[in-house]
Amino acid sequence: MDIKDLILRKIKKNGEVKASEVVKETGFSRAYVNRFFQELRDEGKIVLIGRANNARYIMASPEIIAKKKRELSKFHRIYKNTNLEEDGVLVDIKKETGIFLNLRKNVERALDYGFLEMMNNAIEHSMSDEVEVLMVRDSAAVRFDINDKGVGIFNNIARGKGLSNEMEAIQDLLKGKETTAPEAHSGEGIFFTSKIADTLIFRSGTKKLIFNNKLGDIFIQDIKKTKGTKVTFTIGLDSQIDMNSVFKEYTNEETYEFSKTKIVVNLYKAGTDFISRSQARRMFMGLDRFETIVLDFRDVDTVGQAFADEVFRVWQKKYPNIDISYRNANENVEFMIKRAL
């Protein structure tokens with residue numbers, strides 16, 4: 001029996017096939033059948049979409065892949081919080097679903113930024129062994145939930161700042177740009193995410209904190225005591241949010257020198273140590289339209305590993321055709337850059 005031919009015939013007839021269907025029809029073991037699926041994948045003839053019970057194989061044409069992906073509007077997975085990277089999770093979502101297909105560019109950018117910031121918080125601050133991720137797209141909006149079973153955001157802030165209770169922690173959080181790990185983060189992630197979402201909700205301990213930008217207001221509610229933190233971010237498909245405008249509104253310093261294809265980022269003008277991943281993401285928002293980016297580190301004493309990693313590994317990997325160079329870096333800055341490279 002030609003298993004590979006059987007697989008291709010079933011896909012051509014039905015548009016897709018599951019491995020379990022071939023196992024049932026042939027009587028062969030799943031491990032044996034999966035060898036032929038893998039061979040066809042290696043030959044570039046078929047691709048796998050979905051995961052677990054929803055996993056199936058389709059023909060490897062861009063049109064068919066896009067069509068099938070559009071049918072996948074939900075992503076749900078529990079990740080072990082060991083060597084977990086937020087950008088890797090986002091790649092999983094984009095690769096396995098159609099949630100990001102044909103989104104307006106401004107919505108996609110806001111969703112990217114908000115998800116990466118909130119996922120990074122769960123990974124680095126929650127002290128949770130696992131992080132649960134849910135993202136859903138419907139006819140009106142995209143929503144994601146990030147749920148951990150760690151120390152809880154309000155409890156963590158209270159503990160780190162020596163505050164008495166959750167309400168004091170919430171009050172501290174609402175100041176913006178606050179963090180319990182100043183050596184690695186600027187605290188801007190939550191601040192800016194709360195400005196770009198239609199709604200951003202934090203459930204932790206006995207409180208629910210709601211940023212509702214549709215109403216232009218913030219609410220606090222009592223909830224049944226819960227462990228860890230659940231973050232819910234929602235943005236409408238028709239959102240008019242402009243990330244660059246939001247950043248500009250809350251950033252007074254001019255850090256860019258523009259030209260048609262090249263941009264020089266004058267880091268020293270911002271008047272702060274460039275230590276956080278959040279700062280790197282905010283700074284590089286919209287720079288993908290340039291061919292060359294030059295980072296000027298004159299008068300910058302140091303940068304953090306997270307900042308260097310976000311720029312020289314994560315962002316560069318996403319935009320490999322853009323040339324990123326730097327100048328005026330002292331040995332402390334250059335060490336971090338070379339480590340990221």
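Described below are features of the structure shown in this document. Because the structure is predicted, anything quoted here is derived from the model rather than measured. (Residues numbered from 1 in each chain as written. Predicted model: local features only at pLDDT ≥ 70, side-chain atom pairs only at ≥ 80, totals over all residues. Heavy atoms only, no water.)

Here the focus is the sheet that holds strand β6 (residues 199–212). Spatial strand order, β3-β4-β5-β7-β6: five strands in an open sheet with antiparallel pairing. The two strands at the open ends of the sheet, each matched to only one other strand, are β3 (74–80) and β6. Adjacent strand axes in the sheet meet at a mean angle of 15° when their direction is disregarded. Relative to strand β7 (residues 217–236), β6 runs antiparallel, the two sharing 13 bridges. In the sheet register, isoleucine 210 faces β7, and the bridge partner there is phenylalanine 219. Across the sheet, helix α7 (residues 153–161) touches β6 and β7, and the angle it forms with β6 is around 105°. (Pairing = 2+ DSSP bridges. Helix = DSSP H or I, 4+ residues; strand = E, 2+ residues; numbered from the N terminus. Axes fitted to C-alpha atoms, helices over the stretch in contact; angles between N-to-C directions. Contact = heavy atoms within 4.5 Å.)

Okay, helix α11 (residues 277–284) next. Most of α11 is tucked away: eight of the eight residues are buried. Turning to α11, its buried residues are Arg277, Ser278, Gln279, Ala280, Arg281, Arg282, Met283 and Phe284. Where α11 ends, the next residue or the one after it, glycine 286, has phi of about 90°, a positive value. (Buried < 20%, exposed > 50% of the residue type's maximum accessible area, 1.4 Å probe, protein only.)

What follows concerns the environment of glycine 114. Within the element layout of this structure, glycine 114 appears in helix α6 (residues 105–125). Note: C-alpha distance between glycine 114 and glycine 189 (75 residues apart in sequence) is 7.9 Å. If sequence neighbours within four positions are ignored, glycine 114 has contacts with Phe144, Thr193, Ile196 and Phe233.

So, about the environment of glutamate 96. You can see glutamate 96 is positioned in helix α5 (residues 86–96). Ignoring sequence-local partners within four residues, the contact set of glutamate 96 consists of Gly50, Arg51, Leu72, Phe75 and Arg77.

Right, let's get into the pattern of salt bridges. In total, this model carries 27 salt bridges according to the counting rule given. With its nearest N and O atoms 2.8 Å apart, the salt bridge here joins arginine 9 to aspartate 5. Placement of the pair is arginine 9 and aspartate 5 together in helix α1 (residues 3–14), with a separation of four residues, close to one helical turn. Residue arginine 9 is classed as partly exposed on the basis of its relative accessible area, which comes to 48%. By relative accessible area, which is 35% here, aspartate 5 ends up partly exposed. Notably, a salt bridge pairs arginine 143 with aspartate 145, separated by 3.1 Å at the nearest N-O pair. With relative accessibility at 30%, the residue arginine 143 sits in the partly exposed group. The network of salt bridges with common partners includes Glu85, Glu86, Glu117, Arg277, Arg281, Asp309, Glu310 and Arg313. (Salt bridge = Lys/Arg side-chain N within 4 Å of Asp/Glu carboxyl O.)

Per the stated rule, a full pass over the model turns up 13 aromatic pairs. A centroid spacing of 6.1 Å and a plane angle of 85° characterise the contact between phenylalanine 312 and tyrosine 326, whose relative ring orientation is edge-to-face. Of this pair, phenylalanine 312 sits in helix α12 (residues 305–318) while tyrosine 326 sits in strand β11 (residues 323–327), and the two are 14 residues apart along the sequence. Owing to a relative accessible area of 7%, phenylalanine 312 belongs among the buried residues under this scheme. (Phe/Tyr/Trp six-rings, centres within 6.5 Å; stacked < 30°, edge-to-face > 60°.)

Moving on: the environment of arginine 313. Mapped onto the fold, arginine 313 is located in helix α12. Along the sequence, arginine 313 and leucine 341 sit 28 residues apart, while their C-alpha atoms lie 6.4 Å from each other. Setting aside chain neighbours within four positions, we find arginine 313 in contact with Glu85, Asp87, Ala308 and Ala340. Side-chain polar atoms of arginine 313 contact the side chain of aspartate 309, separated by 2.6 Å. (Polar contact = N/O pair within 3.5 Å; in protein donor to acceptor, adjacent residues only side chain to side chain.)

Attention now goes to the nonpolar core. Core analysis: the largest hydrophobic core is formed by 50 residues, its most contacted members being Ile93, Leu111, Phe115, Met119, Val133, Met135 and Phe202. If you tally residues by element for this core, the top one is α6, at 10 residues. Excluding its chain neighbours within four sequence positions, the residues that come into contact with methionine 119 are Leu84, Glu86, Val89, Val131, Val133 and Ile146. (Core = buried A, V, L, I, M, F, W, Y, C linked by side-chain atoms within 4.5 Å.)

Only one face of β3 is covered, namely the face carrying Phe75, Arg77 and Tyr79; the face carrying Lys74, His76, Ile78 and Lys80 is uncovered. Across seven bridges, the pairing between β3 and strand β4 (residues 130–137) is antiparallel. Across the sheet, residue tyrosine 79 finds its bridge partner in β4, namely valine 131.

Here the focus is α5. All of the buried residues in α5 are Glu86, Asp87, Val89, Leu90, Ile93 and Glu96. On the buried face of α5, the contacting elements are β3, α6, β4, α11 and α12.

Before going further, it helps to spend a moment on the side chain of lysine 207. Position of lysine 207 relative to the elements: it lies in strand β6. Since its relative accessible area comes to 15%, lysine 207 is described here as buried. Looking at lysine 207, its side chain comes within polar contact range of the side chain of aspartate 222, at 2.5 Å. If near-sequence neighbours (up to four positions away) are discounted, lysine 207 is found in contact with Phe154, Glu166, Met167, Ile170, Phe202, Ile220, Gln221, Asp222 and Ile223.

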